[in-house]
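Summary of structural features
The residues making up each chain are set out below.
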Amino acid sequence: MSRNAFSTRGLTKVYGEGETAVHALRGVDLDIPEGEFVVLLGPSGSGKSTLLNIIGGLDRATAGDAWFLDQELTAMTDRQLTRYRRDHVGFVFQFYNLMPSLTAHENVELVTEIAEDPMTAEAALDLVGLANRAGHFPSELSGGEQQRVAIARAIAKNPTVLFCDEPTGALDSATGRAVLTALKDVNERLGATVMIVTHAAATAKMADRVIHFSDGAIREVVSNATKLAPEDIEW
Ligand code: ADP
């Protein structure tokens, strides 16, 4: 039996106070086994990013507990959370956040220079099918290629988990499929647990597990008996 990469119990996040308080997470109980490809699906504003940011060590819960393996994230100091992110977590966001004045290779190197056990920038770019674009600047790459550079940057440190917030949100369907293929490769070849937050239901068909989220709570968790390949997903 595999261990859980993440567990949460009663995870709660409230922004603000009093009458204007926003209840972004309303007591989330979640278990995500190591090595799974998980899609967190729900409408905009339902709390998906908030959940991702807390288990990714970027934000703090108001109440409840969250664990990464046997480490209690909700008990960590800011320093410990920073270390957790540095050593274990890769992030991919909707807007690629690449440095415009650096080449693809140099953007990935920003990470490999400070990581504990990195792969080479070449290997990371090769994994996302961009070895031949290493010397290009972001402005010379398509949106899908820029996102794959961002994935290469996120995986170059050999992360235990890869969190992706609307990774295909700014892409057309063909480039979106290329990005999803790259994420699937990372999951299968590196064994990283991958968690994608999206409101695009099509993405769920390639997941091991789909967590349906609305209004700050889990509505349903579905394990897919059969998974579609990214190229077979209809958008
Ligand atoms: P999703 O990722 O599903 O779109 P979010 O987690 O971004 O949802 O947001 C959940 C709710 O929390 C929304 O109502 C949003 O407006 C609110 N929210 C998110 N971040 C903040 C913040 N920093 N301050 C106040 N409210 C926030």
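Owing to the predicted nature of the structure, the values given are computational and were not obtained by experimental measurement.

As paired strands, strand β1 (residues 4–15) and strand β4 (residues 63–68) are joined by five bridges and run antiparallel to one another. Residue pairing across strands places R9 opposite D65, the latter belonging to β4. Where β4 lies against strand β5 (residues 71–72), two bridges are found, and the strand directions are antiparallel. Following the sheet pairing, F68 is matched in β5 by Q71. Here β4 folds back onto β5 in antiparallel fashion, the turn holding two residues, of which L69 has a positive phi close to 50°.

A few words now on the environment of E116. With respect to the helices, strands and loops of the structure, E116 is situated in the loop between α3 (104–112) and α4 (121–127). What makes E116 exposed here is its relative accessible area of 64%. As for E116 and N158, which are separated by 42 residues in sequence, their C-alpha atoms are 9.1 Å apart. For E116, the contacting residues outside a window of four places in its chain are R83 and D87.

This next bit is on the site of the ligand. Neighbouring residues of the ligand: Y15, V22, A24, P43, S44, G45, S46, G47, K48, S49 and T50. In the model, an oxygen atom of the ligand is placed 2.7 Å from a nitrogen or oxygen of the G45 main chain. Measuring from an oxygen atom of the ligand, one finds a backbone N or O atom of G47 at 3.0 Å. Surface burial for the ligand is 58%, taken as the share of its 560 Å² of free accessible area covered by protein chains. Those elements giving two or more residues to the shell around the ligand turn out to be β2 (22–33) and α1 (48–55). Element by element, the count of residues in the shell around the ligand is highest for α1, at three residues. Taken together, the residues of the shell around the ligand sort by class into four nonpolar, six polar and one charged.

What follows is about helix α6 (residues 173–190). Over its 18 residues, α6 extends 25 Å from the first C-alpha to the last, a length consistent with the 26 Å expected when each residue adds 1.5 Å. Within the sequence span of α6, burial applies to G176, V179, L180, A182, L183, V186 and N187. End-on, the buried residues of α6 take up no more than an arc of 150°, which puts them together on one face. Of the surrounding secondary structure, the elements contacted by the buried residues of α6 are β3 (37–41), α5 (143–155), β7 (161–165) and β8 (193–198). Of the residues that open α6, the one with a side-chain oxygen 3.0 Å from the backbone nitrogen of A174 is D172. Phi turns positive, to about 75°, at G191, one or two residues after α6.

On to α5, then. Taking 1.5 Å per residue as the helical rise, α5 with its 13 residues ought to reach 18 Å, and the 18 Å between its terminal C-alpha atoms agrees with that figure. Among the 13 residues of α5, 12 are classified as buried, and the element is accordingly described as predominantly covered. When α5 is considered as a whole, its buried residues turn out to be G144, E145, Q146, Q147, R148, V149, A150, I151, A152, R153, A154 and I155.

Below, the discussion takes up the sheet that holds β4. In space, the four strands of this open sheet follow the order β2-β1-β4-β5, with antiparallel pairing throughout. Looking at which strands have only one partner, the edges of the open sheet turn out to be β2 and β5. Here α1 sits on the sheet in contact with β1, β2 and β4, set at roughly 120° to β1.

Take the packing of α3 against α5 next. Relative placement of two packed helices is described by the angle separating their axes and the distance separating the axes. One way to put it is that α3 packs onto α5 with a least axis distance of 8 Å and a crossing angle of 25°. Comparing their axes, α5 and α3 come out roughly parallel. Note on packing geometry: the crossing formed by α3 with α5 is right-handed. Only V149, A152 and R153 of α5 make contact with α3, whose side of the interface consists of A104, N107, V108 and V111. Per-class residue counts for the contact of α3 with α5 are five nonpolar, one polar and one charged.

Cut-offs and rules
- Residues numbered from 1 in each chain as written.
- Predicted model: local features only at pLDDT ≥ 70, side-chain atom pairs only at ≥ 80, totals over all residues.
- Heavy atoms only, no water.
- Pairing = 2+ DSSP bridges.
- Helix = DSSP H or I, 4+ residues; strand = E, 2+ residues; numbered from the N terminus.
- Buried < 20%, exposed > 50% of the residue type's maximum accessible area, 1.4 Å probe, protein only.
- Contact = heavy atoms within 4.5 Å.
- Near = heavy atom within 4 Å.
- Polar contact = N/O pair within 3.5 Å; in protein donor to acceptor, adjacent residues only side chain to side chain.
- Areas by Shrake-Rupley, 256 points an atom, 1.4 Å probe, with all protein chains shown as cover.
- Nonpolar A, V, L, I, M, F, W, Y, C, P; charged D, E, K, R; others polar.
- Expected span 1.5 Å × (residues − 1).
- Arc of directions from axis to C-beta.
- Axes fitted to C-alpha atoms, helices over the stretch in contact; angles between N-to-C directions.
- Parallel < 35°, antiparallel > 145°, perpendicular 65-115°, else oblique.
- Left-handed = near helix turned anticlockwise from the far one by under 90°.

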